[in-house]
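Per-entry structural report
Letter by letter, the chains look like this.
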Amino acid sequence: MRKIAILGSTGSIGTQTLEVVEHNKDLQVSALAAGSNVRLMEQQIRRFRPALACMKEETKAKELRELTADIDVRIVSGMEGLVEVATEPQSEVLVTAIVGMIGIRPTIAAMEAGKDIALANKETLVTAGHIIMPLAKEKGVRILPVDSEHSAIFQCLNGEEPRTVHKILLTASGGPFRGRSLKELAAVQVEDALKHPNWSMGRKITIDSSTMVNKGLEVMEAKWLFGVQMDQIQVVIQPQSVIHSMVEFEDGAVIAQLGTPDMKLPIQYALYYPQRRYLPGERLDFTKLKSISFETPDTEVFRGLALAYEAGRQGGSLPTVYNAANEYAVALFLQRKIPYLTIQEMIASAMKHHQVIARPNVEEILAAEQETYEFLESRW
Ligand code: NDP
Ligand code: MG
């Protein structure tokens, strides 16, 4: 029996992880954490019987305790509760399916407790990769990518010498606004940005996909996961989302991973790595695939991608500012308080204003996050 804990069990990745658990009788859930969806958490507790569950606010935890009074489950709340879920003694793997930098502390705590990390929460690696990757080595734990592109790269690297990697070709769908001009993007509404052509995901990452900030975060995520330089990672638009990413080796060989867009594949691969297991679902039918096409991203329009390269090249606390400014701006855009293009303007302006700290510790990362929020609040 392989026991797992999940941070963000009520979200898109969280619920798909639980679907993977349902299909595999040798997986068991030991702990779950969510934000505010008490009803769904109750159902998950009844179905999966974890020993421990956490809600963001104590009021929600209280509500959940009442709803599950007939079940033997301990219910906690807040950051302390998240850390308890992350370090639950029975579990071997922590699936980080929470959104945003809030994942940093529980992820570090889980690694210190010897857990492998199935990492979906890319914001943690983008902002604290210089802490997470050496810690994984020190503690002998694995960081197993769940993000589809990174899982693809991970699969392409199977059995290969890391030093023979010449280049990573990170594919992107280009999102719903591929080919649009800045003028056209100025009028984008929340509904338009929430329509992703190929993937169904949480709200924040769907907006990030439309701005290509998601791809920017993924370039930085790949830099840490695979120990390459920013300039060894090339973003290639592949609008059909059939190729999930590719690796070019020293001898010129390119290896790609292909499949239908289904996050259950990378989730299951991370949970069983290096084994492959049967996964029900649609298969790629090459006779029906009309074409696989490629384009170069337009970084003048999707400035968030160019800014990510700048943040990743400089490193230190700048990726934190990039990420925090984006988290702040996307939240405001979703509340219809700022226009669409202000997202990239906010990122650029916060990065310009910031004094970079070369190797920030966790406190300094969280301080840079706070400072970014305060700066943006005072400016907009
Ligand atoms: P969702 O918004 O769908 O889910 C987020 C989850 O986190 C929910 O369970 C939410 O709880 C919970 N949560 C939010 N804030 C807190 C908090 N403060 N404390 C505890 N729990 C909290 O996001 P996604 O599943 O789309 O994304 C999760 C992560 O995975 C992100 O980092 C994203 O970039 C990454 N990712 C997602 C992909 C996808 O296909 N969705 C693909 C690749 C990466 P509640 O809803 O109960 O409030
Ligand atoms: Mg991805």
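Use the structure listed above.
Below or above, wherever it landed, is the structure these notes cover. For every chain, the first residue of the written sequence is number 1, and numbering continues from 1 along that sequence. The order in which chains are written sets their letters, starting at A; the order in which ligands are written sets their numbers, starting at 1. Only residues with pLDDT of at least 70 get local features here, since the model is predicted, and only at 80 or more are side-chain atom pairs given and counted; chain-wide, interface and lining totals rely on the full set of residues. With hydrogens and water set aside, each side-chain value is computed from the structure's full complement of heavy atoms.

1. Quick word on the sheet that holds strand 5 (residues 93–96)
To keep it simple, the criterion reads: Two strands pair if DSSP finds at least two bridges between them. Strands are runs of DSSP state E lasting at least 2 residues, helices are runs of H or I lasting at least 4, and numbering of each runs from the N terminus. Axes here refer to lines fitted to C-alpha atoms; in helices the fit is confined to the stretch in contact. Angles between the N-to-C directions go from 0 to 180 degrees. A contact between two residues is defined here by any heavy atoms of the two lying within 4.5 Å.
A sheet is described by the order of its strands in space; here 7 strands give the open sequence 4-3-2-1-5-6-7, paired in parallel fashion. Each edge of the open sheet is held by one strand with a lone partner, namely strand 4 (74–77) and strand 7 (143–145). Taken over all neighbouring pairs, the strand axes of this sheet differ in orientation by 25° on average, direction set aside. Here 4 bridges tie strand 1 (residues 2–7) to strand 5, and the two strands are oriented parallel to one another. By the bridge assignment, Leu7 is partnered in strand 5 with Thr96. Along the sheet, helix 4 (residues 78–86) contacts strand 1, strand 2 (27–33), strand 3 (52–55), strand 4 and strand 5; its crossing angle with strand 3, the most-contacted strand, is approximately 150°.

2. Details of the coordination of the magnesium ion (ligand 2)
We count it as follows: Distances decide who is a donor: an N, O or S atom must be within 2.8 Å of the metal, or within 3.2 Å for Na, K and Ca. Water is not included, so sites may look incomplete. For every residue, the accessible area (1.4 Å probe, protein chains only) is compared with the maximum for its type, and the residue is labelled buried under 20%, exposed over 50%, or partly exposed between those bounds.
Coordination of the magnesium ion (ligand 2) by the protein involves Asp147 (OD), Glu149 (OE) and Glu218 (OE), with metal-donor separations of 2.1 to 2.2 Å. On the accessibility criterion, Glu218 (1% relative accessible area) is buried.

3. A short note on the site of ligand 1
Heads up, the condition is: It suffices for a single heavy atom of a residue to lie within 4 Å of a molecule or strand for the residue to be listed as near it. A 3.5 Å cut-off defines polar contacts: any pair of N or O atoms within that distance qualifies, except that in protein one atom must be a possible hydrogen donor and the other a possible acceptor, and neighbouring residues in sequence count only when both atoms are side-chain atoms. Computed with a 1.4 Å probe, the accessible areas rest on the Shrake-Rupley method; for each residue, only the protein chains presented here act as cover. Residues are grouped as follows: Ala, Val, Leu, Ile, Met, Phe, Trp, Tyr, Cys and Pro are nonpolar; Asp, Glu, Lys and Arg are charged; every other residue, Gly included, is polar.
Neighbouring ligand 1 are 24 residues; Thr10, Ser12, Gly35, Glu123 and Gly202 lie closest to it. Between Ala120 and ligand 1, the recorded distance is 3.5 Å, taken from a backbone N or O atom to an oxygen atom. In isolation ligand 1 has 900 Å² of accessible area, and contact with the protein removes 86% of it. Sorting the residues of the shell around ligand 1 by element identifies helix 1 (12–23) and helix 6 (122–139) as the ones contributing at least two each. Class assignment of the residues belonging to the shell around ligand 1 gives a composition of 10 nonpolar, 10 polar and 4 charged.

None of this, on its own, says anything about what the molecule does.
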